[in-house]
Amino acid sequence: AFQYLEMDSFLGPRLYGRFDRAHDRAENGILWAGEGIMSFLRGLHGFARLFSPLIIGYAYSRGFLTTPSSLYGVAKLIALAITSAYLARFIGRMLDNEYMHFIQVWRRAFSDPEARNELKRFDYALAGAPADFVAQPNDKLWFLPADPTASRNPLTRIAAYAAVHSFGIRMLYPGATGLLNLLLGGSLRQARKLAIQSKSAKRAVLQSARGDSVDTLFKRGSGSHASTLVICSEGNAGYYEIGIMGTVETLGYSILGWNQPGFGESTGAPFPEQTLSSADAVWQYATEVLGYKEEEIVVFGWSIGGFPSTWLAANHPKIKGLVLDATFDDLLPLAEFRMPAFASSIVKVAVRDFLNLDIAGQLSKYAGPVRLIRRLQEEILITDESGTEEEKRSSNRANALLKRLLQQRHGELVEGLLPHVDTWLSMSGTQRLMARGLTANASEEAMRVARVYKLCEHYLVDFDATHVTPLSSDYFNLPQPIPAYHM
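Analysis parameters
All residue numbers refer to positions counted from 1 along the written sequence of the respective chain. It should be noted that, the model being predicted, local features are given only for residues of pLDDT at least 70 and side-chain atom pairs only at 80 or more, the latter also being counted only at that level, while totals for whole chains, interfaces and linings use all residues. To get the side-chain values, take all heavy atoms of the structure and skip hydrogens and water. Among the buried residues, those of types Ala, Val, Leu, Ile, Met, Phe, Trp, Tyr and Cys that are joined through side-chain atoms within 4.5 Å form a nonpolar core. Per-residue accessibility, obtained with a 1.4 Å probe over protein chains only, is compared with the maximum for each type, and a residue is labelled buried under 20%, exposed over 50%, and partly exposed between these values. Comment: elements are numbered from the N terminus, with helices defined as DSSP H or I runs of at least four residues and strands as E runs of at least two. What makes two residues a contact is simply this: any of their non-hydrogen atoms within 4.5 Å. UniProt positions are given in the numbering used here, feature names are shortened, and annotations may be inferred rather than shown by experiment. Classification of ring pairs rests on two measures: the distance between centres of Phe, Tyr or Trp rings, Trp counted by its six-membered ring, which must be within 6.5 Å, and the angle between planes, read as stacked under 30 degrees, edge-to-face over 60 and tilted in between. Whenever Lys or Arg places a side-chain nitrogen within 4 Å of a carboxyl oxygen from Asp or Glu, that contact is recorded as a salt bridge. An axis is simply a line fitted to the C-alpha atoms; with a helix, the fit covers only the stretch in contact. Between two such axes, the angle follows the N-to-C directions and lies from 0 to 180 degrees. Working rule for angles: under 35 degrees goes down as roughly parallel, over 145 as roughly antiparallel, 65 to 115 as roughly perpendicular, anything else as oblique. In this classification, the charged set is Asp, Glu, Lys and Arg, the nonpolar set is Ala, Val, Leu, Ile, Met, Phe, Trp, Tyr, Cys and Pro, and all remaining amino acids, among them Gly, are polar. Two strands pair under a simple rule: DSSP has to find at least two bridges between them.

- In the annotation of an unreviewed UniProt entry, the entry for the protein chain reads AB hydrolase-1 domain-containing protein, and the organism field reads Pristionchus fissidentatus.

Next up, the structure:
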């Protein structure tokens, strides 16, 4: 038993503190130094992978990559830092009575329900943690089919694979980098502790069908809205501790937040398959453990969180509604805009084969109530950064999402009228009110345009803010089925 305890003390998770205590945990000096070095190295590793093209180019230009002595020196320095960190951490843990008690509880929790309940008092790194719920594989789930239009050139595929798995995934999901997790770790822990101590929130560790640990937080609502559960999916630098759950909480809904793979204490990496597997684990937990029915659940996604949100809606079409805030239609146009033109073939393969976030394609499989929220000062989801404010706004990919939604659901009505959708999107609120009226002898064409405008009003609302401004609770209104007279 002592041998196991020594090994767990060497390789076990970091202890941040306890939820049932007001004061923060104080690590001894040796442990603090070891944990600090390891956190710094993880952040440095994330930084290096994120900026690997620039770092490799600079190292090559300086001759570092062609000089064995330089490479050996760097490798020796890294090995020394890692060894020192592990040794200091191990000694510090063995001298820390609180940690030694925690690691014993942690080990027993894999087989002892009482120990698992006691473990919930601790806040710790979840990698390898005993799961509160294990999701089961589901072969009946629908996924986007592969895109046959991407290049099949082997060299292009190799280049795309290398780009995605080195810096690409981290550019797309900075919230999964060691650097950002290091910088925000303290704030996330404080927010998590506040939610559990003061708001009676319940934290649960789920295991996805792919084996990743999914960190979740559930808070039961109050009043008439408590019977509705809102599943909240964050953006590419968002975490449930400081994210969109706050928008919904004040309205009294029950809320379930989760961190995507690699975010906060969730493990894995946010590739589409892992992200959707984690989302499925959250869904299974919401229905099988928390006890909510499909028709009692609203799915809420912000920004890139629209990807798992629309996938859940596509696979569970009886949900109460889908709310998408500051969400785009497809990653490819945004990626092509951000990357140099000479790499367009690599970018297309990288997106379509490895990061195919076709949100509009997934939305096409869902026919229930949906609400789109467009940010009027959007600076992230635009493909025109040098034009006028009107031109920037017209390049917002939320516009394309609305138009694809109208084509999918009301194709016959909007055929030939998409320019009028662009007109409506460019209007102010006052102009939209003025455009509602129709004369008694209005033409059939004018009546069709009026119906299209009503559909636009039904599906989309504007929020005058930037991409990262927290959504006002006033804008979180549950979408309703479309009235028959709009059809």
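Structure's up, so let's keep going.
1. A look at the nonpolar core
Part 1 of the reasoning: One finds Ile231, Leu256, Leu322 and Leu402 to be the most contacted residues of the largest nonpolar core, which totals 77 residues.
Part 2 of the reasoning: For this core, the element with the highest residue contribution is helix α10 (residues 272–288), accounting for seven residues.
Part 3 of the reasoning: Beyond its immediate sequence surroundings of up to four residues, Ile231 is in contact with Leu256, Trp258, Val282, Trp283, Ala286, Ile297, Val298, Val299 and Phe300.
Part 4 of the reasoning: Counting residues in each nonpolar core, the second largest holds 24 residues, with Ala201, Leu217, Ala465 and Phe476 among its members.

2. What about the UniProt feature "domain: AB hydrolase-1" (unreviewed entry) in the protein chain?
Part 1 of the reasoning: Taken from the UniProt record, the annotation "domain: AB hydrolase-1" (unreviewed entry) applies to residues 231–383.
Part 2 of the reasoning: Within the segment residues 231–383, helix and strand shares are 37% and 16% respectively, and the terminal C-alpha atoms sit 30 Å apart.

3. Section: the environment of Ala314
Part 1 of the reasoning: Note that Ala314 resides in helix α11 (residues 306–315).
Part 2 of the reasoning: Relative accessible area serves as the criterion here: at 12%, Ala314 is assigned to the buried category.
Part 3 of the reasoning: Sequence separation between Ala314 and Tyr366 is 52 residues, and the spatial gap between their C-alpha atoms is 4.7 Å.
Part 4 of the reasoning: Setting aside residues up to four positions removed in sequence, Ala314 forms contacts with Trp142, Gln362, Lys365 and Tyr366.

4. Quick look at the packing of aromatic side chains
The way to describe two aromatic rings as a pair is by their centre distance and the angle between their planes.
Part 1 of the reasoning: Throughout the structure, instances matching the rule amount to 15 aromatic pairs.
Part 2 of the reasoning: With a centroid separation of 6.1 Å and 55° between ring planes, the pair formed by Phe133 and Tyr285 is classed as tilted. You can see Phe133 sitting in strand β3 (residues 133–134) and its partner Tyr285 sitting in helix α10, a full 152 residues away along the chain.
Part 3 of the reasoning: A centroid spacing of 5.7 Å and a plane angle of 55° characterise the contact between Tyr239 and Phe263, whose relative ring orientation is tilted. Of this pair, Tyr239 sits in the loop between β6 (229–233) and α9 (245–249) while Phe263 sits in the loop between β7 (254–258) and α10, and the two are 24 residues apart along the sequence.
Part 4 of the reasoning: One aromatic cluster is present, formed by Tyr99, Phe102, Phe122 and Tyr124 through successive ring pairs.

5. Examining the pattern of salt bridges
Part 1 of the reasoning: Following the criterion strictly, the structure yields 29 salt bridges and no others.
Part 2 of the reasoning: A salt bridge links Asp132 to Lys120; the nearest nitrogen and oxygen atoms lie 2.9 Å apart. With Asp132 in the loop between β2 (122–124) and β3 and Lys120 in the loop between α6 (113–119) and β2, the pair connects residues that are twelve residues apart, well separated along the chain.
Part 3 of the reasoning: Accessibility expressed as a relative area gives 28% for Asp132, which makes it partly exposed.
Part 4 of the reasoning: Classification of Lys120 by relative accessible area gives partly exposed; the value is 33%.
Part 5 of the reasoning: Through salt bridges with shared partners, a single network forms among Asp123, Arg192, Arg203, Asp215 and Glu241.

6. Comments concerning the UniProt feature "domain: Phosphatidylserine Lipase ABHD16 N-terminal" (unreviewed entry) in the protein chain
Part 1 of the reasoning: In the numbering used here, UniProt assigns the feature "domain: Phosphatidylserine Lipase ABHD16 N-terminal" (unreviewed entry) to residues 8–124.
Part 2 of the reasoning: Its end C-alpha atoms 14 Å apart, residues 8–124 is made of 70% helix and 6% strand.

7. Observations concerning the packing of helix α2 (residues 29–50) against helix α3 (residues 52–61)
Part 1 of the reasoning: At a minimum axis separation of 5 Å, α2 and α3 run at an interaxial angle of 80°. With respect to each other, α2 and α3 are oriented roughly perpendicular. Counting all contacts with α2, which are made through Phe47, Ala48, Arg49 and Leu50, the residues of α3 involved are Ser52, Pro53 and Ile55.
Part 2 of the reasoning: Classifying every residue of the contact of α2 with α3 by side-chain character gives five nonpolar, one polar and one charged.

8. Quick look at the sheet that holds strand β8 (residues 297–302)
Each strand in a sheet pairs with its neighbour through backbone hydrogen bonds, running either in the same direction (parallel) or in the opposite one (antiparallel).
Part 1 of the reasoning: Sheet architecture is open: nine strands sit in the order β3-β4-β5-β7-β6-β8-β9-β10-β11, paired in mixed fashion. Only two strands of the sheet have a single partner each, and these edge strands are β3 and β11 (460–463).
Part 2 of the reasoning: In the packing of α10 onto the sheet, the strands contacted are β3, β4 (202–207), β5 (213–219), β6, β7 and β8, and the crossing angle to β7 comes to about 150°.

9. Here we look at the side chain of Gln284
Part 1 of the reasoning: Along the chain, the position of Gln284 falls in helix α10.
Part 2 of the reasoning: A residue is classified by how much of its surface remains accessible, and Gln284, at 7% relative accessible area, is buried.
Part 3 of the reasoning: If we skip the residues at most four places from it in the chain, Gln284 touches Phe133, Ala135, Gln136 and Val289.

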